[in-house]
Amino acid sequence: MRSYYIAGNWKMHKTISESIALATVLKGKLAACGEKVLVAPAFTALAVVAEVLKGSKIHLGAQNMGCEEQGAHTGEVSVLMLKDIGVTAVILGHSERRHSYLESDDLINRKVLLALKHGIEPILCVGETLEERDAGKLEVVIGTQLREGLKGVDGAALRNVTIAYEPVWAIGTGKTATPEDADAVHAYIRTVLSGLYGEAASKAICIQYGGSVKADNVAALMAKPNIDGALVGGASLKVDAFAPIALFR
Ligand code: PEP
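Nothing here was measured: the structure is a model prediction, and the numbers come from that model.

### Thoughts on the packing of helix 1 (residues 16-29) against helix 2 (residues 43-53)
Axis separation between helix 1 and helix 2 bottoms out at 9 Å; the angle between their running directions is 30°. In terms of orientation, helix 1 lies roughly parallel with respect to helix 2. The handedness of the crossing between helix 1 and helix 2 comes out as right-handed. Contacts between helix 1 and helix 2 pair Ile 16, Ser 19, Ile 20, Ala 23, Thr 24 and Lys 27 from the former with Thr 44, Ala 45, Val 48, Val 49, Val 52 and Leu 53 from the latter. Taken together, the residues of the contact of helix 1 with helix 2 sort by class into eight nonpolar, three polar and one charged.

Laid out in structure tokens, this is it:
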């Protein structure tokens, strides 16, 4: 039976006490969950959530990371700091960072390589805007984000990378890509990766879908052959919304 990777991105939500409360209840509710589950709190709450999650199977992720190990980078958080806290994965190239903070493929690639160097697993987000989709540029956009984002990542390192396909038009909008639409793009992602790394690697990699995933659509999405998990935003902020997603079967 396939297993799935369900990640919750808390974005710029939750104070420290709210994060502790959410993580504590999730730890109990998901104790018997058979899927790989990750939560990505704000930087300020990472250390306390790490404490709460001790002894649980829930992984701790960060939502972003600086592109240098350390140095004069005001406001950035380094890979060494994340590792020190016990973070095991980092979301990179989220569309909010690409579009609102103008992160380029080159910058994202530097972060991917740095995370891998330090044993932190990147979740590399790719996805097209509605304008790009309507203009027939979906494959060019996704192909470029993959090729550029993974530059310098060899086949062995790729085993520690997760891809998240997140159509920008479906994030936080309530619009989900149909399972068929999402699966078709996931299949395309595998085609690109097959060209870069070979067929076996393209079949083995975990590709999450993200974009308004909820309890009532998760099973249909996960039933598709190329969808291996979910990156969840809004619905990860409440136990009653996130737990049923992680426990969808
Ligand atoms: C996301 O933040 O990556 C996301 C998919 O958000 P939402 O689930 O709210 O659409």
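Picking up after the structure, the text goes on.
### Comments concerning the site of the ligand
Neighbouring the ligand are 14 residues; Lys 11, Glu 166, Gly 172, Ser 212 and Gly 234 lie closest to it. Taking Lys 11, its side chain carries an N or O atom lying 2.6 Å from an oxygen atom of the ligand. At 2.7 Å, a backbone N or O of Gly 172 approaches an oxygen atom of the ligand. For the ligand, whose accessible area on its own is 290 Å², the fraction buried by protein is 95%. For the shell around the ligand, the class distribution of residues is four nonpolar, eight polar and two charged.

### As for unusual backbone geometry
Peptide bonds are trans in most cases, and residues, glycine excluded, mostly fall at negative phi. Here Lys 11, not a glycine, exhibits a phi torsion of approximately 50°, which is positive. Along the chain, Lys 11 falls in the loop between strand 1 (5-9) and helix 1. By relative accessible area, which is 19% here, Lys 11 ends up buried. Located in the positive-phi region is Lys 14, a residue other than glycine, with phi close to 80°. Structurally, the position occupied by Lys 14 is in the loop between strand 1 and helix 1.

### A short note on the layout of surface pockets
The computed volume of the largest pocket comes to approximately 430 Å³. Every residue lining the largest pocket is counted, 18 residues in all, and those nearest its centre are Met 12, Gln 63, Asn 64, Arg 97 and Tyr 101. A breakdown of the residues in the lining of the largest pocket according to their chemical character gives eight nonpolar, six polar and four charged. Quantified by volume, the second largest pocket comes out at close to 300 Å³. For the second largest pocket, the lining is made up of 17 residues, of which Arg 159, Val 161, Ala 204, Ile 205 and Cys 206 are closest to its centre. Residue assignment for the lining of the second largest pocket shows that the elements contributing at least two residues are helix 8 (155-158) and helix 10 (199-204).

### Structural notes on the packing of aromatic side chains
Tallying each qualifying case throughout the model produces two aromatic pairs. Seen in terms of ring centroids, Tyr 4 and Phe 248 are 5.3 Å apart; in terms of plane orientation they differ by 80°. Their pairing is edge-to-face. Residue Tyr 4 is located in the segment before strand 1, and its partner Phe 248 is located in the segment after helix 12 (239-246); the two are separated by 244 residues in the primary sequence. Ring plane angle 55° and centroid distance 6.2 Å describe the contact between Tyr 165 and Tyr 209, whose orientation is recorded as tilted. With a gap of 44 residues between them, Tyr 165 in strand 6 (residues 162-165) and Tyr 209 in strand 7 (residues 206-210) connect regions that are remote in the sequence. Take Tyr 165: its relative accessible area is 0%, and that puts it in the buried class. Overall, Tyr 209 belongs to the buried group, its relative accessible area being 0%. Across the ring face of Tyr 5, the terminal group of Lys 36 is positioned such that the distance to the ring centre comes to 4.3 Å. The lysine or arginine in question, Arg 97, covers the ring of Tyr 101, its NZ or CZ lying 4.5 Å from the ring centre.

What counts as what
- Residues numbered from 1 in each chain as written.
- Predicted model: local features only at pLDDT ≥ 70, side-chain atom pairs only at ≥ 80, totals over all residues.
- Heavy atoms only, no water.
- Axes fitted to C-alpha atoms, helices over the stretch in contact; angles between N-to-C directions.
- Helix = DSSP H or I, 4+ residues; strand = E, 2+ residues; numbered from the N terminus.
- Parallel < 35°, antiparallel > 145°, perpendicular 65-115°, else oblique.
- Left-handed = near helix turned anticlockwise from the far one by under 90°.
- Contact = heavy atoms within 4.5 Å.
- Nonpolar A, V, L, I, M, F, W, Y, C, P; charged D, E, K, R; others polar.
- Near = heavy atom within 4 Å.
- Polar contact = N/O pair within 3.5 Å; in protein donor to acceptor, adjacent residues only side chain to side chain.
- Areas by Shrake-Rupley, 256 points an atom, 1.4 Å probe, with all protein chains shown as cover.
- Buried < 20%, exposed > 50% of the residue type's maximum accessible area, 1.4 Å probe, protein only.
- 1 Å grid on protein atoms, 1.4 Å probe; cavity = no way out; pocket = protein on both sides within 12 Å on 5 of 7 lines; lining within 4 Å.
- Points joined across faces, edges and corners; volume = space filled by probe spheres on them.
- Phe/Tyr/Trp six-rings, centres within 6.5 Å; stacked < 30°, edge-to-face > 60°.
- Lys NZ or Arg CZ within 6 Å of the ring centre and 35° of its normal.

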